[in-house]
Amino acid sequence: MKKLGFGTMRLPLLNADDPKSIDLEQFIKMADMFVERGFCYFDTAYPYHEEHSEKALKKAVIDRYPREKLIIADKMPILRVKATEDYQMYFDEQLKRCGTDYFDIYLLHNMGRDRYEKTQRFGGFEFIDALKKKGYVLKTGFSFHDDAKTLDLILSEHPEVDVVQLQINYLDWDGAVAQSGKCYDVAKKHNKQVIVMEPVKGGTLAKLPDRAMQLFKDFYGSQPPTPASLAVRYAASLENVKMVLSGMSSLEQLEDNTSYMQDFNPLSNGERELVKKLTDVLKSSIKVPCTGCRYCLEECPQNINIPDYFGLLNLHAVTGKKTNMYYQRFSMNHAKASECLKCGLCENICPQHINIREYLEEFAELYENG
Ligand code: SF4
Ligand code: SF4
């Protein structure tokens, strides 16, 4: 199977301010080109486009092609589940919205340490496993946004799942927040197929800053490919990656993505070197030189999750984007940045001599007051 999947979370809109106003005509054109070029994987989820993505997928794709020619992935909205019975209710609704009687891939949506305990308590894993045994889904798994340790725990306790959907891109590969590389290694260790989301990091790797763009042009010469293509091919080059999702919004994006993924070539050694250089340039805008050694955590009387908060601060410096979801997860069982007592114990032990108190203040301003 070709390794490019059509993510339906950023579909073209009729009105840019209304996520529900999906431009169905344009979506149909895009879906047709996608299928004509030999691709068949479509990914949706209950909340995408304010609950309109699944219905649009039905109209543009599922109703228009033989079901057996398509691979359809959908996700259980575990955040909304309040009781065990809710799983069946959401699943039935999803089958109806999509106009199908089965899903090829079915994932627990957006798993992380905060949602794991609740999902365990309500029997979410047992529910999707039963769906597989009854033939309503062919493969089960979960999409995941948290650290490698949490992923390892979940996969150790749930070896029955078939796939994991991970955020993998070259900027996050060694990153402290998404931990793409470490998460990939954990999935590999547990022998799970990997579906990649955010290969272009929400567009960050599609529009490179000038210095990085110059490196890119120097490498490829007069007719360079798009920076997005390098990012997608980077993820697709990983051995255990079975599918790379791209949330496509226009025919141009779709034409570009399908052009290089039709006969996919893994990255060459030269391109791997280029990726390293681009990563260095992007990371040079990093703010806090924290290595994530976590010595400070042992000293902090407030148990403030200093290294992970600094990871988020660095990510914001590089991409200009905040990720509140990660802050929520990183502050579970930890004090907030604003609860710092300014005692300075952490700074006495930090091998990087970081002015921790000052950066925590900046972080609190960004995430708690921003
Ligand atoms: S200065 Fe703040 S972060 Fe550092 S040890 Fe004291 S309370 Fe913790
Ligand atoms: S001790 Fe310093 S370098 Fe280590 S995690 Fe804490 S802030 Fe980062």
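None of these values were measured; they are calculated from a predicted model.

### Observations regarding the site of ligand 2
All residues in the neighbourhood of ligand 2 are listed as Cys290, Thr291, Gly292, Cys293, Arg294, Cys296, Pro307, Cys350, Pro351, Gln352 and Ile356. In the shell around ligand 2, the residues fall into seven nonpolar, three polar and one charged.

### Quick notes on helix α6 (residues 124-134)
Within the span of α6, buried status applies to Gly124, Phe125, Phe127, Ile128, Asp129 and Leu131. Each element contacted by the buried residues of α6 is listed here: β3 (71-76), α4 (84-98), β4 (103-111), α5 (113-122), β5 (137-144) and α7 (148-157). Taken from the residues just after α6, Gly135 is the one with a positive phi, measuring 90°.

### Description of the site of ligand 1
In the vicinity of ligand 1 lie 13 residues, with Cys300, Cys340, Cys343, Gly344 and Cys346 positioned nearest. Tallied by class, the residues present in the shell around ligand 1 amount to nine nonpolar, two polar and two charged.

### Section: the pattern of salt bridges
Scanning the entire structure with this criterion turns up 26 salt bridges. Where Glu198 meets Arg10, a salt bridge forms, and the shortest distance between an N and an O atom there is 3.2 Å. Of the two residues, Glu198 sits in the loop between β7 (193-197) and α9 (210-220) while Arg10 sits in the loop between β1 (4-7) and α1 (24-36), which places them 188 residues apart along the sequence. Glu198 sits in the partly exposed class, given a relative accessible area of 27%. One salt bridge connects Arg113 with Asp146, and the closest N-O pair in it is separated by 2.5 Å. One end of the pair, Arg113, is in helix α5; the other, Asp146, is in the loop between β5 and α7, with 33 residues separating them in the sequence. Residues joined in a network through salt bridges with shared partners are Glu51, Glu54, Arg80, Glu93 and Arg97.

### Considerations on the domain arrangement of the protein chain
Each domain of the protein chain was delimited in the assignment, giving domain 1 (4-278) and domain 2 (295-369). For domain 1 and domain 2, the distance between their C-alpha centres works out to 30 Å. Facing 17 residues of domain 1, the contacting portion of domain 2 comprises 13 residues. Where domain 1 abuts domain 2, roughly 1300 Å² becomes buried across the two surfaces, and 56% of that area is made up of carbon and sulfur atoms.

Quick notes on the rules
- Residues numbered from 1 in each chain as written.
- Chains lettered and ligands numbered in written order.
- Predicted model: local features only at pLDDT ≥ 70, side-chain atom pairs only at ≥ 80, totals over all residues.
- Heavy atoms only, no water.
- Near = heavy atom within 4 Å.
- Nonpolar A, V, L, I, M, F, W, Y, C, P; charged D, E, K, R; others polar.
- Buried < 20%, exposed > 50% of the residue type's maximum accessible area, 1.4 Å probe, protein only.
- Helix = DSSP H or I, 4+ residues; strand = E, 2+ residues; numbered from the N terminus.
- Contact = heavy atoms within 4.5 Å.
- Salt bridge = Lys/Arg side-chain N within 4 Å of Asp/Glu carboxyl O.
- Domains from an automatic or database assignment.
- Buried area = accessible area lost by both parts, 1.4 Å probe.

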